[in-house]
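Structural description and commentary
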Amino acid sequence: MKVFLVEDEIIMREGIRNNIEWEKEGFEFVGEASDGELAYPLIQESKPDILITDIRMPFMDGLELSRRVKKEMPHIKIIVLSGYDEFEYAREGIRIGITEYLLKPIDGNKLLEAVKRVAQLIRSEQELQQESEPGSELDSQESSQVQKERTAVQPSQGGEEAEIGILEVGKLDRRVAERFLKTGLKSEVSNFVDDYFSSFGINNIQSLLFRQYVTTDMYFTAVSMLEGLGYENGELAKHCGEIRDINKVLSSVESNKVYLKKVLTTAIDLREAVSRKKYHSLLEEAKSYIEQHYDDVNISLNSVAASVNLSPNHFSSIFSQEMGKTFVEYLTFVRMEKAKELLRTSSLKSAEIAYAVGYKDAHYFSYLFKKNQDCTPKEYRQRA
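Residues numbered from 1 in each chain as written. Predicted model: local features only at pLDDT ≥ 70, side-chain atom pairs only at ≥ 80, totals over all residues. Heavy atoms only, no water.

Let us look at unusual backbone geometry. In the Ramachandran plot, F59 falls in the positive-phi region, its phi being about 70° despite a non-glycine side chain. Mapped onto the elements of the fold, F59 is located in the loop between β3 (50–54) and α3 (62–72). Phi is positive for D374, close to 60°, though the residue is something other than glycine. Of note, D374 is situated in the loop between α17 (362–373) and α18 (377–383). Exposure remark for D374: the relative accessible area of 66% places this residue in the exposed category. (Helix = DSSP H or I, 4+ residues; strand = E, 2+ residues; numbered from the N terminus. Buried < 20%, exposed > 50% of the residue type's maximum accessible area, 1.4 Å probe, protein only.)

Here's what the structure looks like:
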């Protein structure tokens with residue numbers, strides 16, 4: 001099995017060439033080049049089975065090289081190496097028909113694992129082709145059945161990637177995941193992931209490469225959202241593992257879904273933690289405002305919400321959720337506590353205390369006091 005490498009960074013190119021024991025692993029390293037323009041004639045001459053190429057290179061980049069190679073030598077399997085900021089190129093790579101893409105930096109072991117997976121894919125396709133040739137013991141119907149069985153048993157090595165070119169990558173819309181990450185609830189994660197996968201169609205989802213793209217895309221979308229909230233780049237990896245290690249979760253559609261559900265649930269947990277911290281600060285400001293203005297007969301939900309720059313509806317929802325009581329209940333509690341203090345420490349009349357804590361109607365104040373304290377203001381003063 002022949003391997004050709006195209007990489008413009010000389011240190012990385014030499015590392016891949018020298019640090020992997022190609023012959024010992026059953027491969028023949030047949031050549032290398034620093035860019036696509038130099039590589040193309042060498043590939044035509046050496047006819048490798050597997051091409052490993054970087055994305056960004058001078059003169060002819062990895063995508064253009066892959067496009068030309070696939071057009072003239074469609075049997076060659078292509079592994080693309082890309083950086084984090086080059087991830088969007090992977091979408092075009094799927095259209096062209098690459099077999100795998102790997103995120104840089106990548107160590108020799110990870111690369112060797114990918115090369116071995118691609119080699120197994122090549123062997124599987126060659127076996128299927130031999131079985132389908134005239135005179136074989138299997139007719140075309142039986143061969144088709146063998147292919148289905150082999151694909152089912154070996155999702156990372158089966159023949160589904162041979163038809164990667166027909167995948168509908170246009171169905172991928174990052175905005176769907178972005179919206180869910182911003183506003184979705186943890187209770188909705190499972191249904192979201194199931195529906196998200198269903199929207200792509202079975203042909204796409206059965207493709208290992210397509211699932212790899214979807215999973216990586218959603219992972220990076222979550223990372224981007226969390227960075228926008230102030231988290232470090234590696235925060236999601238602490239909980240869900242590095243994205244470069246996801247091959248084990250791609251072995252089946254179900255395991256893939258489980259992983260994505262974990263990613264989304266973790267991202268929402270982290271998002272809500274920021275919200276709680278933010279809301280805690282806002283609520284402290286609101287409570288301070290109430291402490292300073294509880295005696296104002298005109299204090300209202302609207303005026304307190306405005307003091308913390310939130311809409312009344314949003315503030316009311318946050319206040320009730322975080323405080324465990326409505327705004328009116330909390331304001332009444334504060335006023336009653338102040339009234340009790342005045343009843344204990346002053347000789348003010350009930351009507352005067354009512355006005356001092358923000359009520360212009362003494363009868364309404366007495367009604368609320370008895371409702372909350374199970375006694376009238378006068379009875380409370382006598383007990384105190």
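We are not done yet, so read on.
Ordered by their spatial adjacency, 5 strands build an open sheet running β2-β1-β3-β4-β5, and the pairing between neighbours is parallel. Edge strands, defined here as strands with exactly one partner in the open sheet, are β2 (28–33) and β5 (100–103). Direction aside, neighbouring strands of the sheet carry axes that sit 20° apart on average. Where strand β1 (residues 2–6) meets β2, 5 bridges bridge the pair, whose relative direction is parallel. Paired with F4 across the strands is G31, a residue of β2. Where helix α1 (residues 10–19) meets the sheet, it contacts β1, β2 and β4 (77–82), and its direction lies at approximately 170° from that of β2. (Pairing = 2+ DSSP bridges. Axes fitted to C-alpha atoms, helices over the stretch in contact; angles between N-to-C directions. Contact = heavy atoms within 4.5 Å.)

A word on the nonpolar core. Counting residues in hydrophobic clusters, the biggest one holds 37 residues, and the most contacted among them are Y219, L236, Y259 and L264. Elements that contribute at least two residues to this core include exactly α7 (174–183), α8 (189–198), α10 (208–228), α11 (235–240) and α12 (253–293). The greatest single-element share of this core, amounting to 10 residues, is contributed by α10. Excluding residues within four positions of it along the chain, L236 makes contact with Y219, A222, V223, L226, G241, V263, T266 and A267. Counting 30 residues, the second-largest nonpolar core is a separate cluster that includes Y279, I290, Y294 and Y359. (Core = buried A, V, L, I, M, F, W, Y, C linked by side-chain atoms within 4.5 Å.)

Keep in mind these values describe shape, not function.
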